[in-house]
Amino acid sequence: MSSFSSNELAKFTNEVGIRYQLYNSLFTSLPFHRIEKTGILLSLLQSNCEEGFKKKMNPSQILEEFFSRHTTYTNEQQQLDVLFRFVQYVERQVVLFDALEDAAFPKLNDMQGIGTLKHLETEVHQTKRFNQLQKKLKDFCVRLVLTAHPTQFYPDSVLGIINDLSKAIAENNLNQINIYLQQLGKTAFFKKQKPTPYDEAVSLIWYLENVFYPASGRIANTLRAQFPDQYDPENNVIRMGFWPGGDRDGNPFVTSEITAKVAQALRGSIIKCYYLDIRKLKRRLTFEGVDTKLLDLENKLYNNIFIPGYTTDITKEEILETLHAIREIILFNHNGLFLKMVDGLINRVHLFGLYFASLDIRQDSSVHTKVLSEICNILGAGNYDDMNDEAKINWLSSIHTPLQQIESASPIVKDTIESVKTIKKIQVENGRPGSERYIISQCNSAVDILEVFALFVLSGWKRDAISVDIIPLFETIDDLRNAAAVMQALYSFPLYSEHLKRRGNKQTVMLGFSDGTKDGGYLMANYSIFKAKKELTSISAKFGVEVVFFDGRGGPPARGGGKTHKFYASMGSDIANKEIELTVQGQTVSSNFGTIDAAQFNIEQLIHAGLGNELFSDGLSTFSQQEQELIQHLSEESFRSYAKLKSNPYFLDYLYHASPLRFYAETNIGSRPAKRGASSKLSLQDLRAIPFVGAWSQMKQNVTGYYGVGTALKIMEERGMFQDLKNLYQRSSFFKTLMDNCEMAMKKCFFPLTAFLSDHPRYGELWRDMEEEFELTKKYILLLSGKTELMADYPIEQISIQTRERIVLPIATIQQFAITKVREMEEKNIPSPHRTSYEKLVMRCSFGIINAGRNSA
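From a predicted model like this one, the values you see are computed outputs, not experimental measurements.

### Some thoughts on the overall build of the protein chain
Here is step 1: The helix and strand tally for the protein chain stands at 33 helices and nine strands.
Here is step 2: C-alpha extents for the protein chain along the principal axes are approximately 75 × 70 × 60 Å.
Here is step 3: The 857 residues of the protein chain split such that 60% are buried.
Here is step 4: Of the roughly 33700 Å² of accessible surface on the protein chain, a fraction of 50% belongs to carbon and sulfur atoms.
Here is step 5: Across the protein chain, 98 positive and 99 negative side-chain charges occur, with their mean positions spaced 3 Å apart.

Okay, here's the thing in C-alpha cells:
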C-alpha cells in the first residue's frame, strides 16, 4: 500500500472510524425502552452472524442459536419485538455513519486537487489553452436532473437530522450531537402513507434551496474569479432539472394540476432564496444610494412570496438590472466594499432565473399512441391503430389546428392535452427555461417523436413556435441498437428538421442505463450505450445537428452509477461532448450531493470531466478500431451469459422467492408503482429497474453489476486475447472505470447470506450459477488489475463499504430469516397471527440495508 493510501486510511480512521465507535456508545445511554440491553444484544448477534456464516449456518439457525444462547426469550412475540428493536437500532447506526462521513468529506477529499476547478486552472495555464476554454465555456454546461425515482429510503425528517448532525460533528459539539442522537431515537423511519408527487417535489426542493443553490453559487463565483476573460455569465454552466410533478411515466398520480403546482413551488422557492440573500445584503450595504434600491427589491420579492394574488410580477431582468445598478454605485462611490457579495447574487440569478430548475415532462410512448388513436377517431380520420408508419406520419403532419372536440374525450386524452398546455403556462410564469423539455419513454421509432410534435399542435401550440425540445429515450438493447436509424429517419423529415432549426439545430437524446442493464446485463448495456452515442454523434453531424446526450443514471453501477465523472472524462472526440446531462436519483442526491461541500466537489468533477475531455484529449477517439472490436467481443460474450441466466424458467420466481421484491411497494418511499401495467402476473418487462436492482442488492448478490463479466473474460483468455484486455485496462479510463464499478458492486456481495438456497430443489442450480460467476468474475478482474483484493485502488471507499456491510449484517440476516418464515407459512399453509409482523419485518429491514449501501437502488 502506498504512503498516500496509508495517510488516507489514517484520516478515515480518525475522522470516521474512531468517532463512530465513540458516538455509537452514546446510543446505549439514551433514555429509551431497553436501549442498553438492545445495544449489547445486537453486538452479540453481530458476532453470532459472522461466526455462523463461517460455519455455513443459515439465517434461521443463526437466530435460533442466538435466542437460545443469549436470551431467555422463548415466546415468538417477544423474539419479534427484539428483532424490530435491532432494526431500529441499526437504522440509527447507519444514520450516524452517514453523518460522520458527510462531516469528514472536506478532510477526506482534496477540495483543490485533481478534477477540481483549481486543477483545471493549473492545466489551462500550463497548456496555454485559454482561447479553447473561452470557446468551450460559451455553450458547455452540466445539467443535473433531480428525479422522484423511489430510491430514497430516508424520510425528510431523518435527512434533516443527518444534515444537522454532520454539522455538529464537524464542529465537535458533543452536547448537540447527543441531543440529535436523542432526536434520532424518537424519529420514525417508516412513512405510514405513500408520498404524493407534490410531497416528493417539496423534499427535493429542500436540496435545491439548501445545497445546490449555495454550491452552484460558489462554483459560478470561482469560475468568474479564475477565468474572468473566459467565463460567460450568460451561459449557465450549471443547470438544474426537475422530474417530480412532471414525470408522468407509469405514475397515474402526476396530473397537469400537480405539474402546475410544482412549477409554482419552484418559482416561490427561488424567489425566497433571493429574498433571504437581499436581507443579508441589507445588513452590509447600508450606504447612501444603495439602501433604497435594496429596500424596493426586497419589498417586491416579499410581495411575490407572501401576498396571494399579487399582480405585479417581478422578472429576472428586473432583479439583475437593480443588482447591476447597485454594483456600479458600490464600485464608483464606495471603494467596491462588499462587491463580492453582490457579484455572488448576480451569478446565482443568472444560474436560476425565476424557475430554479427546469421542470421536464415525461410520458411513455404507448400513452401518446393511445391518446392519438382516440383523437384520430374523434376527428373521423380513420383507425390509427390499423395505419402503417407512413400513413401515421402523413396524418400527423397534416395536423395544423388545436383539438376542438375535447369535451367528449376520455380523461387520459384531456389530461395529456392539458399537460402540454401547462408547459406554455409555466414558460410564461417562470421563464422559458422553466419547462422546455418533453421526454418520450420506450421510444423505438421516429413516429413516437412525431406523435409528440402533433400533440403540441393539438394542444394549441403553433407549428412554427414550439419552444420545447422533444427528447427520445432509448432504453433496451434493441432500442439502443436502432437509435441512430430512428434519428436519421427523424432528421430526414422536413417538419421536424424545421423544428430543429428553430431550436438551434440541437437535439437531446436520452439513454437509459437501468433498463439497458436489466435487459442486456452490465457490460452489454454500457457498451451498447457507448456504441449508440458514437453512432448518434456521427449521424447527427451529417445532418448538421449538435447532439446532446442525457444519461438516465441511477445510484448503483448496474443503473449507470458509481464513478460517473470518470466515464465522462474518458470519452474521446468520437462522442459528442457539448454538455453533460444526467439524472440524480433518490439516494444519490443525499449521498453525493447531501452537503454543500460534497455537492461542490462532485459538480466540479463533472465540469472538469466535460471541459478537460475536449481541451486536453487532442482529438483522440475513445477506442481504436481494434480496441472497440475487443470490447465488443467481450460485451457479446457477457450478454450471452446473462441472457442464459435470464432464460432460466425460475429466474424471476427465484427473485420473488428469496428477495424482498414483493414487499417493495409497501415501503412507501415513492408515489410511483413498482411495476408498469395493471397485470397481477410478474414479468421482467413490466418490472421496473429500481426494485429489480434493489432486490438483488438486499440479497447481497448484486447480479446486475457483475454477471457475465467473468465468463466473458475467461473466454477472451481462452482465445489468447487476455493480454490485449490488460493493455486496454491500462490505457483506457473508460474500460478501467467499467471494471472499477463492477468491483464496487461485487464488494457489496455476501453469498453466505443465501447459501442455504444452494441445495434447494428448484432454485439451487440458479444460486450456484450466480455464486460461481461471482467467484469467476472476481478471479479474472484481479488478474486484469494485478491487485490482490477488490477496490484496492480506492482504500477509503473500500473500508467504508466494509464497515457499512458489517453494520447491516444482522438485519440482512433478520430479513432472510423473516422471508423464510413467510415463505414457510405460505408453502405449508400454516395460519399464524405473526405473519403480518414477519412481512413488516422484511420490509423494515430494507430501509437499513439500502441506506447503508448509499447507492444500492
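### Some words on a nonpolar patch on the surface
Here is step 1: A surface patch of nonpolar side chains, about 280 Å² in accessible area, is lined by Y302, F306 and I307.
Here is step 2: Taking the relative accessible area as the measure of exposure, Y302 reaches 37% and is therefore partly exposed.

### What to know about the nonpolar core
Here is step 1: Judged by nonpolar contacts, the single largest core of 146 residues is most densely connected at L144, L208, F242, Y274 and I607.
Here is step 2: Leaving out residues up to four positions away in the same chain, L144 has contacts with F212, R239, M240, G241, L582, V584, F593, I603 and L606.
Here is step 3: I470, F513, M699 and L782 belong to the second-largest nonpolar core, a separate cluster that totals 114 residues.

### Points about the packing of aromatic side chains
Aromatic ring pairs are reported here in terms of the distance separating the ring centres and the angle at which the planes meet.
Here is step 1: The full count for this structure, using the stated rule, is 38 aromatic pairs.
Here is step 2: Ring-pair connections join several aromatic residues into one group, and the members of that group are Y650, F651, Y654, F692, W696 and Y763.
Here is step 3: When the ring centre of Y198 is taken as origin, the NZ or CZ atom of K261, which lies over that ring, is 4.2 Å away.
Here is step 4: Its end group placed over the ring of F550, R437 keeps NZ or CZ at 4.7 Å from the ring centre.

### Concerning the sheet that holds strand β7 (residues 506-512)
Here is step 1: Spatially, β3-β2-β1-β9-β8-β7-β6-β5-β4 is the arrangement adopted by the nine strands of the open sheet, whose pairing is parallel. A strand with exactly one partner marks an edge of an open sheet, and here the two such strands are β3 (358-359) and β4 (361-364).

### Brief notes about the pattern of salt bridges
Here is step 1: Tallied over the entire structure, the rule returns 43 salt bridges.
Here is step 2: Between R806 and E50 there is a salt bridge, with its nearest N and O atoms 2.7 Å apart. Residue R806 is located in helix α32 (residues 795-827), and its partner E50 is located in helix α2 (residues 35-54); the two are separated by 756 residues in the primary sequence.
Here is step 3: Residue R362 pairs with D247 through a salt bridge whose shortest N-O separation is 2.9 Å. Here D247 lies in the loop between β2 (238-242) and α10 (256-284) and R362 lies in strand β4, a separation of 115 residues in the sequence.
Here is step 4: One salt-bridge network, held together by shared partners, links R143, D360, R437 and E581.

### Comments concerning empty space enclosed by the protein
Here is step 1: Using the criterion set out here, one finds nine cavities of 30 Å³ or more in the structure.
Here is step 2: In this structure, the second largest cavity encloses a volume near 170 Å³.
Here is step 3: Lining of the second largest cavity is provided by 17 residues; of these, D102, L159, I162, Y207 and S590 occupy positions nearest its centre.
Here is step 4: Counting residues per element, the lining of the second largest cavity draws most heavily on helix α7 (residues 156-170), at four residues.
Here is step 5: Here the residues of the lining of the second largest cavity are counted per class, giving five nonpolar, nine polar and three charged.

### With respect to the packing of helix α5 (residues 117-127) against helix α24 (residues 596-616)
Here is step 1: Close contact between α5 and α24 brings their axes to 9 Å; oriented N to C, the two are set at 15 degrees. On the basis of the axis angle, α5 is roughly parallel to α24. Viewed along their axes, α5 and α24 form a crossing whose handedness is left-handed. The residues of α24 that touch α5, namely those facing L117, H119, L120, E123, V124 and T127, are E604, I607, H608, L611, L615 and F616.
Here is step 2: Here the contact of α5 with α24 is composed, by residue class, of seven nonpolar, three polar and two charged.

### Topic: the pairing of β7
Here is step 1: Counting buried positions along β7 yields seven of seven residues, so the element is predominantly enclosed.
Here is step 2: Residues K506, T508, M510 and G512 point to one face of β7 and Q507, V509 and L511 to the other, with burial holding for every one of them.
Here is step 3: Where strand β6 (residues 469-474) and β7 come together, two bridges link them in parallel fashion. Counted as the bridge partner of F474 is L511 from β7.
Here is step 4: The sheet contact formed by β7 and strand β8 (residues 546-552) spans seven bridges and is parallel. Directly across from T508, in β8, lies its bridge partner V548.

### Some remarks on unusual backbone geometry
Here is step 1: Phi is positive for F338, which is not a glycine, with a value near 60 degrees.
Here is step 2: By the element assignment, F338 lies in the loop between α12 (316-333) and α13 (339-352).
Here is step 3: F338 gets classed as partly exposed once you look at its relative accessible area, which sits at 31%.
Here is step 4: A positive phi angle, close to 65 degrees, is found at K700, a residue other than glycine.
Here is step 5: With respect to the helices, strands and loops of the structure, K700 is situated in the loop between α27 (689-698) and α28 (709-718).

### Notes on the side chain of R553
Here is step 1: Counting through the fold element by element, R553 comes out in the loop between β8 and α22 (564-570).
Here is step 2: A polar side-chain atom of R553 sits 3.2 Å from a polar atom in the side chain of Y568.

### Digging into the environment of W696
Here is step 1: Relative to the elements of secondary structure, W696 occurs in helix α27.
Here is step 2: Spatially, the C-alpha atoms of W696 and R69 are 32 Å apart, while their sequence positions differ by 627 residues.
Here is step 3: Setting aside residues no more than four positions away along its own chain, W696 makes contact with F651, Y654, L655, Q701, N702, V703, T704 and M770.

### Digging into α7
Here is step 1: Taking 1.5 Å of rise per residue, the 15 residues of α7 would be expected to cover 21 Å, and the 21 Å separating its terminal C-alpha atoms lies within 8% of that figure.
Here is step 2: Looking at α7, one finds that the buried residues are V158, L159, I161, I162, N163, L165, S166, A168 and I169.
Here is step 3: Positioned one or two residues after α7, N172 has a phi angle of 55 degrees, which is positive.

### Notes on the side chain of K700
Here is step 1: Taking the relative accessible area as the measure of exposure, K700 reaches 5% and is therefore buried.
Here is step 2: Contacts of K700, omitting those with residues within four sequence positions, involve K748, C749, F750, F751, L753, E805, V808 and I849.

### Some remarks on the confidence of the model for the protein chain
Here is step 1: When the pLDDT values of the protein chain are averaged, the result is 90; 93% of them are 70 or greater.
Here is step 2: The least confident element of the protein chain, judged by mean pLDDT, is helix α20 (residues 513-520) at 76; the most confident is β3 at 98.

### Thoughts on the environment of E717
Here is step 1: Tracing the backbone through its elements, the reader meets E717 in helix α28.
Here is step 2: Along the primary structure E717 and R348 are separated by 369 residues, whereas in three dimensions their C-alpha atoms are 54 Å apart.
Here is step 3: Discounting residues that sit within four places of it in the chain, E717 has contacts with F722 and Y780.

### Remarks on α32
Here is step 1: With 33 residues, α32 should cover 48 Å at 1.5 Å per step; its first-to-last C-alpha distance of 45 Å lies within 8% of that length.
Here is step 2: Of all the bends found along α32, the most pronounced is centred on L809 and spans about 45 degrees, while P810, a proline, follows it within four residues.
Here is step 3: Buried residues dominate α32, accounting for 24 of its 33 residues.

### Quick look at the pairing of strand β9 (residues 579-585)
Here is step 1: Most of β9 is tucked away, with seven of its seven residues classed as buried.
Here is step 2: Burial along β9 is two-sided: the residues E579, E581, T583 and Q585 and I580, L582 and V584 are all buried.
Here is step 3: Here seven bridges tie strand β1 (residues 141-147) to β9, and the two strands are oriented parallel to one another. Of the residues in β9, the one forming a bridge with R143 is E581.
Here is step 4: Bridge count between β8 and β9: two bridges; the pairing is parallel.

Scoring rules and cut-offs
- Residues numbered from 1 in each chain as written.
- Predicted model: local features only at pLDDT ≥ 70, side-chain atom pairs only at ≥ 80, totals over all residues.
- Heavy atoms only, no water.
- Helix = DSSP H or I, 4+ residues; strand = E, 2+ residues; numbered from the N terminus.
- Buried < 20%, exposed > 50% of the residue type's maximum accessible area, 1.4 Å probe, protein only.
- Areas by Shrake-Rupley, 256 points an atom, 1.4 Å probe, with all protein chains shown as cover.
- Lys, Arg positive; Asp, Glu negative; His and termini not counted.
- Charge placed at Lys NZ, Arg CZ, Asp CG, Glu CD.
- Patch = residues over 30% accessible without salt bridge, like charges linked within 9 Å, V, L, I, M, F, W, Y side chains within 5 Å.
- Salt bridge = Lys/Arg side-chain N within 4 Å of Asp/Glu carboxyl O.
- Core = buried A, V, L, I, M, F, W, Y, C linked by side-chain atoms within 4.5 Å.
- Contact = heavy atoms within 4.5 Å.
- Phe/Tyr/Trp six-rings, centres within 6.5 Å; stacked < 30°, edge-to-face > 60°.
- Lys NZ or Arg CZ within 6 Å of the ring centre and 35° of its normal.
- Pairing = 2+ DSSP bridges.
- 1 Å grid on protein atoms, 1.4 Å probe; cavity = no way out; pocket = protein on both sides within 12 Å on 5 of 7 lines; lining within 4 Å.
- Points joined across faces, edges and corners; volume = space filled by probe spheres on them.
- Nonpolar A, V, L, I, M, F, W, Y, C, P; charged D, E, K, R; others polar.
- Axes fitted to C-alpha atoms, helices over the stretch in contact; angles between N-to-C directions.
- Parallel < 35°, antiparallel > 145°, perpendicular 65-115°, else oblique.
- Left-handed = near helix turned anticlockwise from the far one by under 90°.
- Polar contact = N/O pair within 3.5 Å; in protein donor to acceptor, adjacent residues only side chain to side chain.
- Expected span 1.5 Å × (residues − 1).
- pLDDT = per-residue confidence, 0-100.
- Bend = angle between axes of the 7 residues up to and from the residue.

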